[in-house]
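One letter stands for each residue in the lines below.
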Amino acid sequence: MAHRVNLPALIVHGGAGGRAAIDERPGRQRGLLAAVEAGARILRDGGDALDTVCAAVTMLENDPLFNAGYGSCLTSDGHVEMDAGVATARRANTSPGGRRRFEICAGGVVLVSRVRNPILLARAVMERTPHLLMGGGGVERLARDAGLRLCRPASMVAPRALKRWQAAQRDTQADVQHGTVGAVAIDRAGNFAAATSTGGVAGKLPGRIGDSAILGAGLYANERGASSATGHGEAILRAALSREAVERLRAMPAQRVAELVIARMARYAQGEAGIIVVDASGRFGFAHNAAAMEIATFAPTAGSRHLLAPRIGVV
Ligand code: GLY
């Protein structure tokens, strides 16, 4: 059956984890809608999927209500260590046999503490180096070369994150958040992009690296679609969640794919996670097995919308 193509399309998530405090819900909703609108403006003007997901994720990194960039949760010793990744699948010239070809590119950064928008640094890895994943002093040199300002690590500690960390020192149950932010898009030309950025899991050991920068785990894109994951990095890594989602678009609709891969992750990797997916027709999929996951979507017919994604049934 032929599917209606509804391009361009963008879906953004604000992390799967505990339900936000009541007084923070309106701000988070506004933040997600602002992020999806920032991306939608680019798509409406005929812009590129990569610019779109970077614009959306940058907005969320700047918002202290989300666990990424300036809002990042803190390590067990009270510092910010962020991971981020971008991936694209771009239409290349048609091959001699007439088959459409896609070029897949990616970049990721880990343990970043001196750059306000790690997603832009991940993009610099993709666009300015032959590498896929970077961290340490070299990535700070790259930030300078790419014109990204280095800041003092302490300036990345938002008052909200510090308060939560201090509460967790008194009560180890106090900060159980494990959100992340992410966006996936397809532009009018049919190019896909995915972006994922995180402060990681609250109270993590210094030096711990999660899934968000890892191609195939925290994000993925190929000629079938793009995906971004959120939740327990260890479970997402074990499940290679984002790659599994995009590969399964070959056989089933995006929403079914999202539900299936989360159910399989829960069964085999026993974690809490969420995923967003977009396919070549601009159809979305989203699913999670955590307490909550908020998303925002943009499509030409429906415009921008905010949603609390339903938790998948227990399997
Ligand atoms: N999913 C984010 C992390 O585990 O680091």
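Residues numbered from 1 in each chain as written. Predicted model: local features only at pLDDT ≥ 70, side-chain atom pairs only at ≥ 80, totals over all residues. Heavy atoms only, no water.

## Some details on the overall build of the chain
The helix and strand tally for the chain stands at 8 helices and 12 strands. Total accessible area on the chain stands at roughly 13,100 Å², and carbon and sulfur atoms take up 51% of it. The chain carries 38 positive and 27 negative side-chain charges, and their two centres are separated by 3 Å. (Helix = DSSP H or I, 4+ residues; strand = E, 2+ residues; numbered from the N terminus. Areas by Shrake-Rupley, 256 points an atom, 1.4 Å probe, with all protein chains shown as cover. Lys, Arg positive; Asp, Glu negative; His and termini not counted. Charge placed at Lys NZ, Arg CZ, Asp CG, Glu CD.)

## Details of the pattern of salt bridges
All chains considered together, the criterion is met by 15 salt bridges. A salt bridge links R123 to E127; the shortest N-O distance between them is 3.0 Å. Within this pair, R123 and its partner E127 are both found in helix α3 (residues 118-128), separated by 4 residues, close to a single helical turn. Since its relative accessible area comes to 48%, E127 is described here as partly exposed. Put simply, E223, R224, R243, E247 and R250 are held in one network by salt bridges that share partners. (Salt bridge = Lys/Arg side-chain N within 4 Å of Asp/Glu carboxyl O. Buried < 20%, exposed > 50% of the residue type's maximum accessible area, 1.4 Å probe, protein only.)

## Some details on the site of the ligand
Around the ligand sit T180, T198, G200, V201, R208, G210, D211, S212, G231, H232 and G233, and that is every residue in its neighbourhood. At a separation of 3.4 Å, a nitrogen atom of the ligand approaches a polar side-chain atom of T180. Here an oxygen atom of the ligand sits 2.8 Å away from a polar atom, N or O, in the main chain of G233. For the ligand, the accessible surface in isolation is 200 Å², of which the surrounding protein chains cover 100%. At a threshold of 2 Å from the grid points, most atoms of the ligand map onto the largest cavity. (Near = heavy atom within 4 Å. Polar contact = N/O pair within 3.5 Å; in protein donor to acceptor, adjacent residues only side chain to side chain. 1 Å grid on protein atoms, 1.4 Å probe; cavity = no way out; pocket = protein on both sides within 12 Å on 5 of 7 lines; lining within 4 Å. Sits in = over half its atoms within 2 Å of the grid points.)

## Comments concerning the nonpolar core
As a rule of thumb, nonpolar side chains are buried together in soluble globular proteins. L10, V12, V53, V86, V109 and L121 are the most contacted members of the largest nonpolar core, which totals 50 residues. When residues of this core are assigned to their parent elements, the largest contribution, 7 residues, is made by helix α2 (residues 49-61). Those residues in contact with L121 that lie beyond four places of it in its chain are V109, V112, V115, V139, L142, A143 and L148. Core analysis: the next-biggest nonpolar cluster, separate from the first, contains 23 residues, A89, V278, F284 and F286 among them. (Core = buried A, V, L, I, M, F, W, Y, C linked by side-chain atoms within 4.5 Å. Contact = heavy atoms within 4.5 Å.)

## Section: the pairing of strand β1 (residues 9-17)
Most of β1 sits inside the fold, with 9 of its 9 residues counted as buried. Where β1 meets strand β5 (residues 181-186), 5 bridges bridge the pair, whose relative direction is antiparallel. Across the sheet, I11 pairs through a bridge with V184, a residue of β5. (Pairing = 2+ DSSP bridges.)

## Regarding the side chain of T230
Examined against the element boundaries, T230 turns out to sit in strand β8 (residues 225-231). Reaching out from T230, the side chain makes a polar contact with the backbone nitrogen of A16 at a distance of 2.8 Å.

## Describing helix α8 (residues 254-268)
In this model, α8 (15 residues) spans 21 Å end to end at C-alpha, consistent with the 21 Å of a helix rising 1.5 Å per residue. Within α8 the residues assigned to the buried category are A254, V257, A258, L260, V261, I262, A263 and M265. Just downstream of α8 lies Q270, where phi reads positive at about 50°. (Expected span 1.5 Å × (residues − 1).)

## Remarks on the packing of α3 against helix α4 (residues 137-145)
Two quantities define a packed helix pair, namely the angle between the axes and the distance from one axis to the other. Two numbers describe how α3 lies on α4: the axes approach to 10 Å, and their chain directions differ by 85°. For the element pair α3 / α4, the angle class is roughly perpendicular. Facing L121, A124, V125 and R128 of α3, the residues of α4 in contact are V139, L142, A143 and D145. Of the residues in the contact of α3 with α4, the class split is 6 nonpolar, no polar and 2 charged. (Axes fitted to C-alpha atoms, helices over the stretch in contact; angles between N-to-C directions. Parallel < 35°, antiparallel > 145°, perpendicular 65-115°, else oblique. Nonpolar A, V, L, I, M, F, W, Y, C, P; charged D, E, K, R; others polar.)

## Details of helix α7 (residues 241-248)
Buried within α7 are the following residues: L241, S242, E244, A245 and V246. Along its buried surface, α7 packs onto β7 (219-222), β8, α6 (233-239), α8 and β9 (273-279).

## Digging into the pairing of strand β10 (residues 284-288)
Among the 5 residues that make up β10, 5 are buried, leaving the element largely enclosed by the rest of the structure. Neither face of β10 is open: one carries F284, F286 and H288, the other G285 and A287, and all of them are buried. By the bridge criterion, 5 bridges tie β9 to β10 in an arrangement that is antiparallel. Note that in β10 the partner of I276 across the bridge is F286. The antiparallel pairing of β9 with β10 creates a hairpin that spans 4 residues between the two strands, and G282 there sits at a positive phi of about 85°.

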